[in-house]
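Structural characterization, general
The primary structure of each chain is shown beneath.
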Amino acid sequence: MRAAIGTKKRRGGKPSIAQRADPHDLYQRSVQAPEQDIAFFDRVFRRIRGRRPLSLREDFCGTAYLSAHWAASDPRRRALAIDHHRETLEWGRAHNLDPAGPGVAERVSLREADVLEVAGPPVDLACAMNFSYCAFKTRAELGRYFRVVHRGLAPDGLFVSELYGGSEAIVELEEPREVEDFTMVWEQERFNPIDHHTLCHIHFEFSDGSRIERAFTYDWRLWTVPEVRELLAEAGFERTEVWWEEVDEEGDGTGEHRRTEEEENQEAWLVYLVAVK
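For clarity, every value in this text was computed on a predicted model and none was experimentally measured.

1. Some points on the overall build of the chain
The helix and strand inventory of the chain stands at eight helices and twelve strands. At 19 Å, the chain has a C-alpha radius of gyration in line with the 19 Å of a compact globule built from 277 residues. Each principal axis of the C-alpha distribution contributes one length, and for the chain these read about 60 × 45 × 35 Å. A total of 277 residues make up the chain; the buried ones form 51% of that total.

Okay, here's the thing in structure tokens:
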């Protein structure tokens, strides 16, 4: 869920960096890594199915940044990018698809819709990145979504999603991270241990002291790995693989993942979940 931009500071009557910044651009630069995701998709799909995936359904696509990179990665590739927020989709068309040229843009279909309601030709690969499916807060809702995904896959299709957790995932905190010429701040405002509902925000801070407050807000349920795997199985998936992100000596994620079934808990961890139809 994307929230309105909060208060921005002014200095000397001149527009601050925050006032001139574009939150969607900042989000893409600080959160998304489409090249890494696509490399992982290719690696896993080829290992499991022995071929290169060509069609993608990107649910909760936002600006369709991943779909644009997907189409650009191979002239045979097509993507269906689905999101319910028209303004964000149009931003993606203007800033990601149109600049990529007609050869790419014509192979990405933007769909303003509820991901639960969209049907289309079966795809090789479906994905829900950046924990977006955590917007579904009950087993009934999430199970329904996984059944929709299962129906929309080719017979040998895969579904890839992400999940995060760890001992720090359930505490109130603000975590700054330097990104080029700005700072992204991830805030966990609250967590309810009874139902695992969590409220989180992304803020952006700049060198002139200005800040975009609550540029994006997420009202989620923090699901656990076994819950998600069980619901995927109930939806008809044959099995689910867990791919754990490696960390460096400082405890930061490296972007490299390995398949595993047993790990020590960490302060923060991130996994890809690969569901096999």
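So that's the structure; there's more coming.
2. Section: the nonpolar core
Counting 54 residues, the largest nonpolar core has Tyr133, Tyr145, Phe146, Phe159, Leu163 and Phe204 as the members making the most contacts within it. Beyond its immediate chain neighbours, meaning those up to four positions away, Tyr133 contacts Phe60, Ala128, Leu142, Tyr145, Phe146, Ser161, Glu162, Leu163, Val228 and Leu273. With 29 residues, the next largest nonpolar core counts Ala71, Ala79, Val108 and Val160 among its residues.

3. A few points about helix H4 (residues 65-72)
Of all the eight residues making up H4, six are buried; the element is thus mostly covered by neighbouring parts of the structure. Within the sequence span of H4, burial applies to Tyr65, Leu66, Ser67, Ala68, Trp70 and Ala71.

4. Let's talk about the packing of aromatic side chains
Scanning the entire structure with this criterion turns up 22 aromatic pairs. Both rings, one in Phe131 and one in Trp220, keep their centres 6.0 Å apart while their planes meet at 80 degrees; by these two values the pair is edge-to-face. With Phe131 in the loop between strand E4 (123-128) and helix H7 (139-151) and Trp220 in strand E9 (residues 211-221), the pair connects residues that are 89 residues apart, well separated along the chain. Among the residues examined, Phe131 registers a relative accessible area of 14% and is labelled buried. Residue Trp220 is classed as buried on the basis of its relative accessible area of 3%. On the basis of an interplanar angle of 75 degrees and a centroid distance of 6.2 Å, the ring pair of Tyr145 and Phe159 is categorised as edge-to-face. With Tyr145 in helix H7 and Phe159 in strand E5 (residues 153-165), the pair connects residues that are 14 residues apart, well separated along the chain. Assigned by exposure class, Tyr145 and Phe159 land together as buried. In this structure an aromatic cluster arises from ring pairing among Phe60, Tyr133, Phe136, Tyr145, Phe146, Phe159 and Phe237. A cation over a ring is seen here: Arg77 above Trp70, with NZ or CZ 3.9 Å from the ring centre. Over the ring of Trp223 we find Arg221, and its NZ or CZ is 3.7 Å from the ring centre.

5. Some thoughts on the pattern of salt bridges
The final tally for this structure, using the stated rule, is 27 salt bridges. One continuous salt-bridge network, built from bridges that share partners, spans Asp42, Arg52, Asp74, Arg76 and Arg77.

6. Side note on the side chain of Asp83
Within the fold, Asp83 resides in strand E2 (residues 78-83). A relative accessible area of 3% places Asp83 in the buried class. Looking at Asp83, its side chain comes within polar contact range of the main-chain nitrogen of Gly62, at 2.9 Å.

7. Here's the deal with the sheet that holds strand E8 (residues 197-205)
If you walk across this open sheet you meet the four strands as E6-E7-E8-E9, and the pairing is antiparallel. Both outer strands of the open sheet, strand E6 (173-179) and E9, are each paired with one neighbouring strand and no more. Sheet twist, expressed as the mean angle between neighbouring strand axes with direction ignored, is 20 degrees. Strand direction decides the pairing type here: E8 and E9, joined by eight bridges, are antiparallel. The partner of Leu199 across the bridge, within E9, is Asp219.

8. Focus on helix H2 (residues 23-30)
When you tally the buried positions in H2, you get six out of eight residues, the bulk of the element. Within the span of H2, buried status applies to Pro23, His24, Leu26, Tyr27, Gln28 and Ser30. Looking at the buried positions of H2, the neighbouring elements they touch are H4, helix H5 (86-100), E6, strand E7 (182-191), E8 and E9. Where H2 begins, the capping side chain belongs to Asp22, and its oxygen is found 3.0 Å from the backbone nitrogen of His24.

9. With respect to the packing of H2 against H5
Put simply, H2 and H5 touch, their axes get as near as 11 Å, and they point 70 degrees apart. Here H2 is positioned roughly perpendicular relative to H5, judged by the angle of their axes. Taking contact as the criterion, the partners of His24, Asp25 and Gln28 in H2 are, on H5, Thr88, Trp91 and Asn96. Taken together, the residues that form the contact of H2 with H5 break down as one nonpolar, four polar and one charged.

Parameters and conventions
- Residues numbered from 1 in each chain as written.
- Predicted model: local features only at pLDDT ≥ 70, side-chain atom pairs only at ≥ 80, totals over all residues.
- Heavy atoms only, no water.
- Helix = DSSP H or I, 4+ residues; strand = E, 2+ residues; numbered from the N terminus.
- Rg over C-alpha atoms; globule rule 2.2 N^0.38 Å.
- Buried < 20%, exposed > 50% of the residue type's maximum accessible area, 1.4 Å probe, protein only.
- Core = buried A, V, L, I, M, F, W, Y, C linked by side-chain atoms within 4.5 Å.
- Contact = heavy atoms within 4.5 Å.
- Phe/Tyr/Trp six-rings, centres within 6.5 Å; stacked < 30°, edge-to-face > 60°.
- Lys NZ or Arg CZ within 6 Å of the ring centre and 35° of its normal.
- Salt bridge = Lys/Arg side-chain N within 4 Å of Asp/Glu carboxyl O.
- Polar contact = N/O pair within 3.5 Å; in protein donor to acceptor, adjacent residues only side chain to side chain.
- Pairing = 2+ DSSP bridges.
- Axes fitted to C-alpha atoms, helices over the stretch in contact; angles between N-to-C directions.
- Parallel < 35°, antiparallel > 145°, perpendicular 65-115°, else oblique.
- Nonpolar A, V, L, I, M, F, W, Y, C, P; charged D, E, K, R; others polar.

The values reported here are purely geometric and, on their own, carry no functional implication.
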